Amino acid sequence: MKATSIFGGVQVFNIFITLIRGKFVAILIGTAGMGLNGLLLSGLNLIKTFTSLGVAESAVKDIAKAHNSNDKVHIRTTFQVFKRLIWFTAIFGIIATIVFSPLLSKFAFGDTSKTISFMWLSITFVFGALSGGIYTLLRGTRQLKYLAQANIFGGIVGLIVALPLFYFYGIDGVVPAIILTAFANYLVSLYFKSKIKFEPIAVSWQDTFQLGKPIVQLGLSLTLINILAAGVAFTLNAFISKTGTLSDVGLYSAGNAIVEGYVGMVFTAMATDYFPRLAGVISDELKWKKLVNEQAELVLIILGIVLVLLITTTPLLIRILLSKEFLASQNFIQFAVLAIPLKGLVWVVGYIILAKGNNKLFLTVEIIANLIVLGFNLLFYHFFGLTGLGISLILSYLISSFFMLFILKNKYGFQFNFGVYKLLSLSLVTLSLCLLSVHLLENPYMYIAEILIVLFVISYFTYEFNQRISIKSILEKFKNR
């Protein structure tokens, strides 16, 4: 719980940085620029997930287990093997990006005009792999203070680097901004690596292959999952670009960024501590089931407050964070918000299969879930445009959550407790009422209804949070620092 409070403060700061960046990007490069940025990043992410072999997440699991048993030799050995693996994945990523650049450009933009852009972006694989390796070590050994600080400084540096490029070069500054931001984040990670007292250990290449084999085996399952997710994102962006316009891609990217910028940080902050803890107790049935239920409740409580504020202030947020040009994404954002509590539960239980090491089941479940999301997205965008994408997310995660719970109950005898379903129901009902008030009520009745709902949700969920983590003790800790 301490980690949650630490990263809560970090994520608030990161939200602030994201807001500033999003506002300036919206003004300086507009919807078309955001569309270009989204397409380039989704294409790059597709290659990254394919070539990374999933070794970062896989290594976290091994390092976390060694850390829990206080096996320092095992930690050092695992990290040495991991370092060699990430150098291989970085080189693999560069080669793959250069080779597939024409294909990526043609699929995303309909021609080969962005081939050189993708080739230049291949440089980011070196910086991304090296900084990711350092963050993996910090995460696996639960150096949460340094990891939190690295997140903060990384956000600041990324902002400082990107904004001047957008200001002076406009849409032409997109590619240089991506490259220099990756380099700047690598420099930040190097600084925090120097703070860890970590002596290297000699590992032969033969031992590297032997010890690296299980890391890569688990990583390959994760890679296939990540490829599916990246492929879904890239295919959807390309579909929107071809059937709609580049501005539509920008509107979708901007709307998605607002949603993910808030709730995505909740997931990231908790995953930083949750997965290593779950991996450490996964052999004890009572402990891991209790941990999963506690995590699900905490996720729903925090999301309950964040989402009701997001859905009621969407038009204002778009004007403040972006510009009036992006108001067309309002309906997409508000409908997408209703899917997030369900996504939260899917996210929490998904780690069970991963921690259990059941790679085949994890792969099967994720393939089905991603195909469901892609199918609904393409279908609903075709008929209902951007609003349809929000509706499709609700249906996709509703089906995925039922599917996941069915699998986990039959495979591991796991089911959520009553408290989880109570918090989920309350969250979905209040968010639905907010959405109905937006579309059915006129001013000032709409504002009155929204204010009453917001006050109720904040009061109740704050009470629930305080029952689990003392807000007073958190404030005292920050005050005494």
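Treat the numbers as computed from the prediction; the structure is a model and nothing was measured.

### A look at the overall build of the protein chain
No. 1: On a plain count of helices and strands, the protein chain comes out with 17 helices and zero strands.
No. 2: Taking all 481 residues of the protein chain together, 53% fall into the buried category.
No. 3: A sequence separation of at least 24 residues applies to 83% of the contacts in the protein chain between residues at least 6 apart.

### With respect to the nonpolar core
No. 1: By size, the foremost hydrophobic cluster in this structure holds 104 residues, and its most contacted members are Leu-278, Val-292 and Phe-416.
No. 2: Broken down by element, the residue count for this core peaks at 14 residues, all from helix 14 (residues 359-412).
No. 3: For Leu-278, the contacting residues outside a window of four places in its chain are Trp-288, Leu-291, Val-292, Tyr-351, Ile-352 and Ala-355.
No. 4: Leu-53, Val-81, Ile-86 and Ala-129 belong to the second-largest nonpolar core, a separate cluster that totals ten residues.

### Quick notes on the packing of aromatic side chains
No. 1: On inspection of all chains with the given rule, the structure shows 18 aromatic pairs.
No. 2: Geometrically, the ring pair formed by Phe-380 and Phe-384 is tilted, given 5.8 Å between the ring centres and 40 degrees between the ring planes. Here Phe-380 and its partner Phe-384 are both found in helix 14, four residues apart, which amounts to about one turn of the helix.
No. 3: Phe-380 sits in the buried class, given a relative accessible area of 14%.

### Description of helix 12 (residues 330-337)
No. 1: Most of helix 12 sits inside the fold, with seven of its eight residues counted as buried.
No. 2: Within helix 12, burial applies to Gln-330, Phe-332, Ile-333, Gln-334, Phe-335, Ala-336 and Val-337.

### Digging into the environment of Val-457
No. 1: Examined against the element boundaries, Val-457 turns out to sit in helix 16 (residues 445-468).
No. 2: The buried category is assigned to Val-457, whose relative accessible area is 0%.
No. 3: Sequence separation between Val-457 and Ile-305 is 152 residues, and the spatial gap between their C-alpha atoms is 6.4 Å.
No. 4: With near-sequence residues (within four places) excluded, Val-457 lies in contact with Gly-304, Ile-305, Val-308, Thr-430 and Thr-462.

### Observations concerning a nonpolar patch on the surface
No. 1: Among the surface-exposed residues, Val-429, Leu-433, Leu-436, Leu-440, Leu-441, Tyr-445, Ile-448 and Leu-452 lie close enough to one another that they form a single nonpolar patch of about 820 Å² accessible area.
No. 2: Mapped onto the nonpolar patch, the elements with two or more residues apiece are helix 15 (418-440) and helix 16.
No. 3: Of all the elements, helix 15 adds the most residues to the nonpolar patch, at four residues.
No. 4: As for its position among the elements, Leu-452 is in helix 16.

### Structural notes on helix 11 (residues 314-321)
No. 1: Buried within helix 11 are the following residues: Thr-314, Leu-317, Ile-318 and Leu-321. With its buried residues spanning 100 degrees around the axis, helix 11 presents them on a single face.

### Remarks on unusual backbone geometry
No. 1: With an omega dihedral of 5 degrees, the bond running from Asn-443 to Pro-444 counts as a cis peptide bond.
No. 2: Structurally, Pro-444 is set in the loop between helix 15 and helix 16.

### Here's the deal with the packing of helix 12 against helix 14
No. 1: Across the interface, helix 12 lies against helix 14 with an axial gap of 7 Å and an inter-helix angle of 5 degrees. By the angle between their directions, the pair helix 12 and helix 14 is classed as roughly parallel. Of the residues in helix 14, those in contact with Asn-331, Phe-332, Phe-335 and Ala-336 of helix 12 are Leu-386, Thr-387, Leu-389, Gly-390, Ile-391, Leu-393 and Ile-394.
No. 2: Of the residues contributing to the contact of helix 12 with helix 14, the split by class is eight nonpolar, three polar and no charged.

Rules used in this analysis
- Residues numbered from 1 in each chain as written.
- Predicted model: local features only at pLDDT ≥ 70, side-chain atom pairs only at ≥ 80, totals over all residues.
- Heavy atoms only, no water.
- Helix = DSSP H or I, 4+ residues; strand = E, 2+ residues; numbered from the N terminus.
- Buried < 20%, exposed > 50% of the residue type's maximum accessible area, 1.4 Å probe, protein only.
- Contact = heavy atoms within 4.5 Å.
- Core = buried A, V, L, I, M, F, W, Y, C linked by side-chain atoms within 4.5 Å.
- Phe/Tyr/Trp six-rings, centres within 6.5 Å; stacked < 30°, edge-to-face > 60°.
- Patch = residues over 30% accessible without salt bridge, like charges linked within 9 Å, V, L, I, M, F, W, Y side chains within 5 Å.
- Areas by Shrake-Rupley, 256 points an atom, 1.4 Å probe, with all protein chains shown as cover.
- Salt bridge = Lys/Arg side-chain N within 4 Å of Asp/Glu carboxyl O.
- Arc of directions from axis to C-beta.
- Axes fitted to C-alpha atoms, helices over the stretch in contact; angles between N-to-C directions.
- Parallel < 35°, antiparallel > 145°, perpendicular 65-115°, else oblique.
- Nonpolar A, V, L, I, M, F, W, Y, C, P; charged D, E, K, R; others polar.

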